[in-house]
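# Remarks on the overall topology
These are the residues of each chain, in order.
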Protein chains: 4
Amino acid sequence: MLVQIDFESEMPIYEQLRRQIIEGIASGNLELGESLPSVRQLAEDIGINLHTVNKAYNALKSDGYLNVDRRTGAVVSGTLPESTEEFDKKLNEEFTYLICEAHLRGKKMEDILDLCSDIFKQYIKKDK
Amino acid sequence: MLVQIDFESEMPIYEQLRRQIIEGIASGNLELGESLPSVRQLAEDIGINLHTVNKAYNALKSDGYLNVDRRTGAVVSGTLPESTEEFDKKLNEEFTYLICEAHLRGKKMEDILDLCSDIFKQYIKKDK
Amino acid sequence: MLVQIDFESEMPIYEQLRRQIIEGIASGNLELGESLPSVRQLAEDIGINLHTVNKAYNALKSDGYLNVDRRTGAVVSGTLPESTEEFDKKLNEEFTYLICEAHLRGKKMEDILDLCSDIFKQYIKKDK
Amino acid sequence: MLVQIDFESEMPIYEQLRRQIIEGIASGNLELGESLPSVRQLAEDIGINLHTVNKAYNALKSDGYLNVDRRTGAVVSGTLPESTEEFDKKLNEEFTYLICEAHLRGKKMEDILDLCSDIFKQYIKKDK
DNA sequence: GTGGTCTAGACCACC
DNA sequence: GTGGTCTAGACCACG
């Protein structure tokens with residue numbers, strides 16, 4: 001799996017990494033149960049500090065996406081977390097904001113729905 | 001227009017404010033050309049720092065949503081900004097991440113499309 | 001509130017700190033909504049690194065005991081987290097282990113119950 | 001006696017093993033003077049490293065729960081260790097922390113005492 | 001002045 | 001060799 005960090009971005013590096021791993025799992029590039037590189041290895045590959053990788057891994061761990069300990073290293077969780085009320089709320093808020101701004105920029109409802117369908121078709125290759 | 005700040009949120013106050021103004025314009029609660037409260041006034045109403053409101057207004061100005069000058073105060077732009085390549089890219093990235101995580105949490109494509117439609121119908125009341 | 005770290009202990013410093021803050025809240029030495037020292041301040045007082053304090057604060061934050069952000073610093077949460085199935089399980093396991101070992105060391109059921117009552121009476125001064 | 005290791009747990013394997021042996025002795029599943037499997041055997045049964053079993057056995061030995069030597073293998077002590085001041089202190093500290101956190105999660109003194117009684121009745125079947 | 005992020009480098013526990 | 005902990009010091013975002 002390829003990781004692409006934008007060092008100019010306002011988004012923290014660990015957050016970019018976190019998101020890309022989530023996208024990797026969703027798209028099937030990372031399979032359930034698959035091992036991830038060690039923090040040191042990945043840090044070296046990307047050219048960042050190992051603590052930054054560690055932070056991303058631990059964030060994913062506490063959300064239930066990864067199992068990570070010193071015995072096994074980091075492994076994609078075998079069973080993914082269920083939807084929580086909190087997540088639904090966050091999802092709703094984010095979508096609301098994005099759709100509002102998209103509307104102001106001239107996007108129609110159709111455009112948004114098409115965009116979502118396209119993303120779904122392009123990224124989501126495996127049912128979990 | 002009512003502004004609701006969540007002081008416990010991870011999201012910076014100025015960003016919460018910025019988003020609510022965008023949502024206000026999209027929903028028609030704020031009309032094109034309408035005047036916003038002065039920086040000082042809004043800061044006092046919400047109970048936040050004056051610089052925080054300023055930061056939100058300036059961010060909206062540089063995106064073309066507001067016109068701000070010393071004499072007239074802050075006014076919603078009469079003509080909203082066109083969609084830019086940069087914006088499309090950001091929109092695509094955000095949607096991609098959200099949809100991937102939603103998928104991992106068990107959401108189906110239908111759920112997402114329904115959510116988008118619902119938001120559109122609920123929030124977007126006026127064509128610009 | 002007084003913090004006492006045992007630098008010889010096997011228990012990580014941040015974990016000792018975390019526990020003492022929990023005990024402080026339970027005993028009423030720290031009131032709901034009360035501000036804690038800044039990470040820098042507390043780190044200096046104790047003579048440890050600020051990142052270590054930060055880690056303790058963040059652990060307490062993610063368990064819902066503290067609110068911590070750069071606007072307000074660290075504050076004891078106004079509403080404490082509810083009991084979760086996970087917590088109950090952990091509690092049960094820990095008590096089971098401790099009681100078994102205590103039994104092997106000659107403690108009777110009465111001794112254990114007395115110990116628990118005593119701790120309750122000594123530490124828990126306020127109903128939340 | 002059945003040993004159940006949770007490889008996902010934060011707790012080191014040797015510590016899980018150590019605790020389960022203590023619980024086994026307390027519950028009477030392991031009798032005083034009873035032989036334990038050899039390090040090699042147990043390691044193979046559980047599917048863990050030989051050194052890990054060794055570490056658990058040695059910890060139990062130095063606490064007086066096991067006699068371990070090259071000829072006889074590991075045997076549950078015929079006479080269990082007395083309570084020490086050090087142990088009492090540890091017990092007190094652990095109970096204090098657990099009770100404080102339980103209180104914050106809404107447990108009443110009654111709940112805690114009931115839990116302790118239940119565990120005692122369920123686990124402790126034989127007097128030593 | 002507050003916490004957040006990132007880097008760097010050290011030592012330790014576990015397996 | 002793996003992650004965990006701790007230290008140290010720098011810069012930034014926020015209010």
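Right, let's walk through the structure included here. Just so you know, these numbers come straight off a predicted model, no measurement behind them.

### Things to note about the packing of helix α1 (residues 13-27) of chain D against helix α3 (residues 50-62) of chain D
Residues and elements named next belong to chain D. The geometry of α1 relative to α3 is characterised by a closest axis approach of 8 Å and an angle of 50° between their N-to-C directions. It follows that α1 is oblique to α3 by the angle criterion. As for the relative orientation of α1 and α3, their crossing is right-handed in sense. Here Ile 13, Tyr 14, Leu 17, Arg 18, Ile 21 and Ile 22 of α1 lie close against α3, whose contacting residues are Thr 52, Val 53, Lys 55, Ala 56, Tyr 57, Ala 59 and Leu 60. Per-class residue counts for the contact of α1 with α3 are 10 nonpolar, one polar and two charged.

### What to know about the protein's contact with DNA strand E
Near DNA strand E there are 25 residues, and of these Ile 13, Tyr 14, His 51, Thr 52 and Lys 55 of chain A occur at the shortest range. The sugar and phosphate moieties of DNA strand E supply 68% of its atoms located within 4 Å of the protein. Contact between DNA strand E and Asn 49 of chain A: a phosphate oxygen at 2.9 Å from a main-chain N or O atom of the residue. Arg 70 of chain A places a polar side-chain atom, nitrogen or oxygen, 3.5 Å from a base nitrogen of DNA strand E. Listed by contribution, the elements that provide at least two residues to the surface near DNA strand E are α1 (13-27) and α3 (50-62) of chain A, α2 (39-46), α3 (50-62) and β2 (73-76) of chain C together with α1 and α3 of chain D. When its residues are assigned to classes, the surface near DNA strand E shows nine nonpolar, nine polar and seven charged.

### Some remarks on the protein's contact with DNA strand F
Taken together, 27 residues are adjacent to DNA strand F, and Ile 13, Tyr 14, His 51, Thr 52 and Lys 55 of chain C come closest. Considering DNA strand F, the proportion of its atoms within 4 Å of the protein that are sugar or phosphate atoms stands at 69%. Measuring from a base nitrogen of DNA strand F, one finds a side-chain N or O atom of His 51 of chain A at 3.0 Å. Between DNA strand F and the protein, one listed contact pairs a phosphate oxygen with a side-chain N or O atom of Lys 55 of chain C at 2.5 Å.

### Focus on the interface of chain A and chain B
The partner chain B presents 48 residues to the 48 residues of chain A that form the contact. Buried surface at the junction of chain A and chain B, both sides included, amounts to about 5000 Å², of which 72% is carbon and sulfur. Looking only at chain A, the three residues that lose the most surface to chain B are Tyr 97, Leu 104 and Arg 105 of chain A, adding up to 17% of its buried area. At the junction of chain A and chain B, the tally comes to eight salt bridges. Where Glu 101 of chain B meets Arg 18 of chain A, a salt bridge forms, and the shortest distance between an N and an O atom there is 3.9 Å. Put simply, chain A and chain B have 16 residue pairs in polar contact (both at pLDDT 80 or more) between them. Mapped onto the side of chain A that touches chain B, the elements with two or more residues apiece are α1, α4 (85-104) and α5 (109-123) of chain A. Classifying every residue of the side of chain A that touches chain B gives 25 nonpolar, seven polar and 16 charged.

### Some points on the relation of the copies chain A and chain B
Between chain A and chain B, the superposition needs a rotation of 179° and an axial shift of 0.1 Å, giving an RMSD of 0.3 Å. Taken together, the rotation and translation describe the operation of a two-fold axis. In terms of C-alpha distance to the rotation axis, chain A has Leu 113 of chain A as its closest residue, with the C-alpha 3.0 Å off the axis.

### Quick notes on the side chain of Arg 19 of chain B
With respect to the helices and strands, the residue Arg 19 of chain B is situated in helix α1 (residues 13-27). Take Arg 19 of chain B: its relative accessible area is 15%, and that puts it in the buried class. There is a polar contact of 3.3 Å between the side chain of Arg 19 of chain B and the side chain of Glu 94 of chain A. Leaving out residues up to four positions away in the same chain, Arg 19 of chain B has contacts with Glu 94 and Tyr 97 of chain A together with Met 11 of chain B.

Conventions we followed
- Residues numbered from 1 in each chain as written.
- Chains lettered and ligands numbered in written order.
- Predicted model: local features only at pLDDT ≥ 70, side-chain atom pairs only at ≥ 80, totals over all residues.
- Heavy atoms only, no water.
- Axes fitted to C-alpha atoms, helices over the stretch in contact; angles between N-to-C directions.
- Helix = DSSP H or I, 4+ residues; strand = E, 2+ residues; numbered from the N terminus.
- Parallel < 35°, antiparallel > 145°, perpendicular 65-115°, else oblique.
- Left-handed = near helix turned anticlockwise from the far one by under 90°.
- Contact = heavy atoms within 4.5 Å.
- Nonpolar A, V, L, I, M, F, W, Y, C, P; charged D, E, K, R; others polar.
- Near = heavy atom within 4 Å.
- Polar contact = N/O pair within 3.5 Å; in protein donor to acceptor, adjacent residues only side chain to side chain.
- Buried area = accessible area lost by both parts, 1.4 Å probe.
- Salt bridge = Lys/Arg side-chain N within 4 Å of Asp/Glu carboxyl O.
- Least-squares fit on C-alpha atoms with pLDDT ≥ 70 in both.
- Buried < 20%, exposed > 50% of the residue type's maximum accessible area, 1.4 Å probe, protein only.

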